[in-house]
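Structure assessment
Listed here are the chains, written in short residue letters.
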Amino acid sequence: MPDIFEVNDKVQKALEKYFQQHRLVFWYDDKADMKSLFESMQFAGIEKLVIANNEFGIKHTVLVEQPKQKFLIYQPKPKPEPKDNWLLDLNLSHVEFYTDASSIILQELGLTQEYKTFIQQHLPFFSLDKRTSELKALLEPDEREGKIKLKMLAVACQCEVEWEKILYALFVEALKGKQTTYKAIENFNIDAFLWEEIEKKYAYTSQDKTIKDFLLVLINDNLQRSLVKGKPQLNRDAYLFVNRWKENIKARQSFEDWSKKLEQELNVESLLQQEEATNLLEADTYAVIDKQIIFALKNHIQQETLSNTIIQEWINKRRTKFFFTQFTFIYDALSFGASLLDEIRKTNLSIKNPLDGFEKYAKSLYVIDRLYRKYIYSCELAEHQNILKDLTAIIEKAYENSYLLQLNDNWQTEVDKMPEWKIDKVTAQKQFFQTWVEPYLKKDNRVFVIISDGLRFESATELRERILQEDRYTASLTPVLGSLPSYTQLGMASLLPNKALTFNDKTEIVFAEGQSTQGTPNRTKVLQSVDSKMVAISAVDFLKMNAKTDGREFIKPYNVIYIYSNIIDKTGDDKTSESKVFEATESEFDNLVKIMKQVNNMNGYNMIITADHGYLYQHNRLEASDFTDFVTSGDVYKTSRRFILGKNLTSNDSVKKWSGAALGFSDDTEALIPKSINRMRIQGAGSRYVHGGSSLQEIVIPVLEINKARKSDIEQVEVDVSSPSYNITSNTFGVSFYQKNPIGDKVLLRDIKAAFYTADNLLISDVSNIKFDSRDTDAAAREQRKTFVFTSEASKLNGQDVFLKLEENIEGTSHFKIYKTITYRMLIAFSSEFDDF
């Protein structure tokens, strides 16, 4: 209660406020303990009168003599009974001022005397001026006591006047093991209101009402309602509240923290051990649920007890769940691993001839290498790598023995029949310049040739997809036959203008028209020997330029700019880093997109991305059987794991010998290539990442033609909504969401947040996060059905329109925009429909 010395200023201010609206103010001071204060008060334009058996004189003064003057009429004793009160008529027609603590608070809040008992019940709340002022700022005319208590809770919790935010604040405090705010709520005598509201809203009852006990029941109820055969304790509004808590960007961390805490305290893992994973797919109350589903998925993949289609459905269901981001890479690994094994099982690896093998790889077989790369990459980043240990062993065995070795053994059978390194109807890498670059020179147009050292064909297919998702870019991919041996020096030389490729220095260095092709300066010389409007530059130097100033100035004299990037091969060729080659591929994707955008900022619109060679990679350490013991003799220029260069080379059945003429060289340099995927033994060299041989992974080279258009050409996939009826007749309602087209090159996925709202934008259902990213050509497979659960508030909307809103995130923000709104009519026959869920 305010100290008497603090009251004086309040009394003065309260009286001044009264006189802003009233001419006569009566003040009855029961014990005359405010008399000195009254006598000391001075008011501009206000006269003071004291009641002392002079009632008629006072009436005459205020009504006749000074009918417009303002008066403070004071009596230093209690107000008389109505029958004895000669000023009753004036009392009733004007206002009375009170000086007890409750009345002062009422006057400060702008509330009438009918709230006096209410204020007296909660006096401790008003002991601090700051709280009183904050509550006053929130009050509206004719507030009900329940609404005032809600606002008092908000002030106590220092949050907005929203029921759920009050609970969030209390949850955060309880998480810290503190009770300061809650004890204050008890002291303010509004704890009963808090628990009454909790019981009314969520059907929570307990002999031991504590915030933690409520939380325990609340979170466990959310789990039970998510299970196929769960046993909830609370009503469905409690379930919806927790789901909104998970969705709230500012509050979701406290849910996560409480979930982890209770998961440990309740030993949830042991409680869920008997639950089948299929019963848990919709649940996301605890992180351990994802762990259990992940174990189940891993076992199904290993034991081949679920189809790949079902496995992908399970994983896609989890992608919108609360804890998914904590397991993103392990889910990705499971997804890629299941698809990889499925592809290996169903793929026919037979090869009829070189053209058949080349085309099969470029059209479909590359997918297995891509899935292997994606699996290993995700596995290396996975949050719980030990879980995948057994699955990885199965995948490594299947990839190496059932795919890589078998495919290249079949391919080698056809290669052995080839008299020269040439496939009819397939462009050779050494024809790259005349096929793709020379036409730009002839038309005096500019083209940027980006050469990514070691970019495999399978990686280029993914890069193409990424590029097509960039607005206004088009990209077409062509496979070409890489030069043999498939190593950097020869691959780089093959991409330059070349009529004669030779080995003048009897080393691995290749000469074009007598000019060394090793290094960027020499490559510029080769280019400019054909046309002075051509130049070579490293990607590092190219990206250092300011595109719009020195960059544009640099390219001004040139129509052909060769740009060399070396992230993949540099990583793979180093024994200490070869295991990171798939990670390097991801980095190279980002790097190549940067180069593309740098080109565009220099007003470049035509680009070609290609590579010097591919590679073989097996993440596991190789067995002795993966190596050949062959050792050649002769004039050896270069020896590596996958090739030998020289003259007069001896060979045996483990290698194929090629003459220079058969390989398209203009001298008599020979090459020995180990058959299939075998490696030669070389001291100190890396063995997992290798290239130089004739495997399909090494010699199918990508040529990716890219153009930048002037108009936007990407769009997000459209989504339609359908229901059996647009009348809602029960507290759960099913809606079908239909993705109109498959995701494709220029049709991007769409993430939607869907929920039902009133006309006043009040949320009345749970929120469903839906990802529309299907590539399925079957229309039925692109349909997703969601069941919405309504809050009890919906029962008050019978006969009214409600709205299903589809919202999508505004990129780079936490805000959402409306994508579509569909109108429904609420036609619940009885509110009892909402009593249970």
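This report concerns the structure included in the present document. (Residues numbered from 1 in each chain as written. Predicted model: local features only at pLDDT ≥ 70, side-chain atom pairs only at ≥ 80, totals over all residues. Heavy atoms only, no water.)

Attention now moves to the pattern of salt bridges. Applying the stated criterion across every chain, the model contains 51 salt bridges. The closest approach of N and O atoms between Arg-345 and Glu-304, which form a salt bridge, is 3.6 Å. One end of the pair, Arg-345, is in helix H19 (residues 328–346); the other, Glu-304, is in the loop between helix H17 (287–303) and helix H18 (308–318), with 41 residues separating them in the sequence. Here Arg-345 falls in the partly exposed class, since its relative accessible area comes to 44%. Between Glu-508 and Lys-638 there is a salt bridge whose closest N-O contact spans 3.6 Å. (Salt bridge = Lys/Arg side-chain N within 4 Å of Asp/Glu carboxyl O. Helix = DSSP H or I, 4+ residues; strand = E, 2+ residues; numbered from the N terminus. Buried < 20%, exposed > 50% of the residue type's maximum accessible area, 1.4 Å probe, protein only.)

Turning to the sheet that holds strand E7 (residues 501–502), a few remarks are in order. Within the open sheet, the three strands sit side by side as E7-E8-E9. Their pairing is antiparallel. Bordering the open sheet on either side are E7 and strand E9 (515–516), each of which pairs with just one other strand. (Pairing = 2+ DSSP bridges.)

Here we come to empty space enclosed by the protein. In this structure the tally under the stated criterion is two cavities of 30 Å³ or more. For the largest cavity, the full set of lining residues is Ile-376, Tyr-377, Glu-380, Leu-381, Ser-579, Lys-580, Phe-582, Glu-583 and His-619. Secondary-structure elements contributing two or more residues to the lining of the largest cavity are helix H20 (354–381) and helix H29 (581–601). For the lining of the largest cavity, the residue count by class is four nonpolar, two polar and three charged. Roughly 40 Å³ of volume is contained in the second largest cavity. (1 Å grid on protein atoms, 1.4 Å probe; cavity = no way out; pocket = protein on both sides within 12 Å on 5 of 7 lines; lining within 4 Å. Points joined across faces, edges and corners; volume = space filled by probe spheres on them. Nonpolar A, V, L, I, M, F, W, Y, C, P; charged D, E, K, R; others polar.)

So, about the packing of helix H9 (residues 163–175) against helix H11 (residues 191–202). A pair of packed helices is captured by two measures, namely the crossing angle of their axes and the spacing between those axes. In contact at an axis separation of 13 Å, H9 and H11 are set at 115 degrees when each is read in the N-to-C sense. At the point where H9 passes H11, the crossing takes the left-handed sense. Between H9 and H11, the residues in contact are Trp-163, Leu-167 and Leu-170 and Leu-194, Glu-197, Ile-198, Lys-201 and Tyr-202, respectively. Taken together, the residues of the contact of H9 with H11 break down into six nonpolar, no polar and two charged. (Axes fitted to C-alpha atoms, helices over the stretch in contact; angles between N-to-C directions. Left-handed = near helix turned anticlockwise from the far one by under 90°. Contact = heavy atoms within 4.5 Å.)

With that settled, consider the sheet that holds strand E18 (residues 670–674). Judged by pairing direction, the sheet is antiparallel, and its four strands sit side by side in the order E15-E16-E18-E17 without closing on themselves. Where the open sheet ends on each side, the last strands, each with one partner, are strand E15 (635–639) and strand E17 (655–658). Across the sheet, the mean angle from the axis of one strand to that of its neighbour is 25 degrees, orientation sign disregarded. As judged from the four bridges shared by E15 and strand E16 (residues 644–647), these two strands associate in the antiparallel manner. From the neighbouring strand, Thr-639 faces E16, where its bridge partner is Ile-644.

Further remarks concern the packing of H9 against helix H14 (residues 252–265). Following both chains from N to C, one finds H9 and H14 inclined at 45 degrees, their axes separated by 10 Å at the closest point. Here H9 is positioned oblique relative to H14, judged by the angle of their axes. Of the two elements, H9 crosses H14, and the hand of that crossing is left-handed. Taking contact as the criterion, the partners of Phe-171, Val-172, Ala-174 and Leu-175 in H9 are, on H14, Ser-254, Asp-257, Trp-258 and Lys-261. (Parallel < 35°, antiparallel > 145°, perpendicular 65-115°, else oblique.)

Right, let's talk about the side chain of Glu-578 for a bit. Positionally, Glu-578 belongs in the loop between helix H28 (568–572) and H29. Judged by its relative accessible area of 3%, Glu-578 falls in the buried class. If we ignore the near neighbours within four places in the chain, the residues touching Glu-578 are Thr-571, Gly-572, Tyr-617, Gly-686, Ser-687, Arg-688 and Tyr-689.

For strand E30 (residues 801–809), a buried count of seven out of nine residues is recorded, marking the element as mostly surrounded by other parts of the structure. Strand direction decides the pairing type here: E30 and strand E31 (residues 816–826), joined by nine bridges, are antiparallel. Bridge pairing links Phe-803 to Thr-823 in E31. Linking two consecutive strands that pair antiparallel, namely E30 and E31, is a turn of six residues; a positive phi of about 85 degrees is found at Gly-812 within it.

On to the pairing of strand E25 (residues 732–739), then. Across the eight residues that make up E25, a large majority, six, are buried. Judged from the four bridges that link them, strand E23 (residues 719–722) and E25 form a sheet pairing that is antiparallel. The partner of Ser-722 across the bridge, within E25, is Ser-736. Direction of pairing for E25 relative to strand E29 (residues 783–789): antiparallel, over a ladder of seven bridges. Following the sheet pairing, Ser-736 is matched in E29 by Arg-785.

What is shown is where atoms sit, not what they do.
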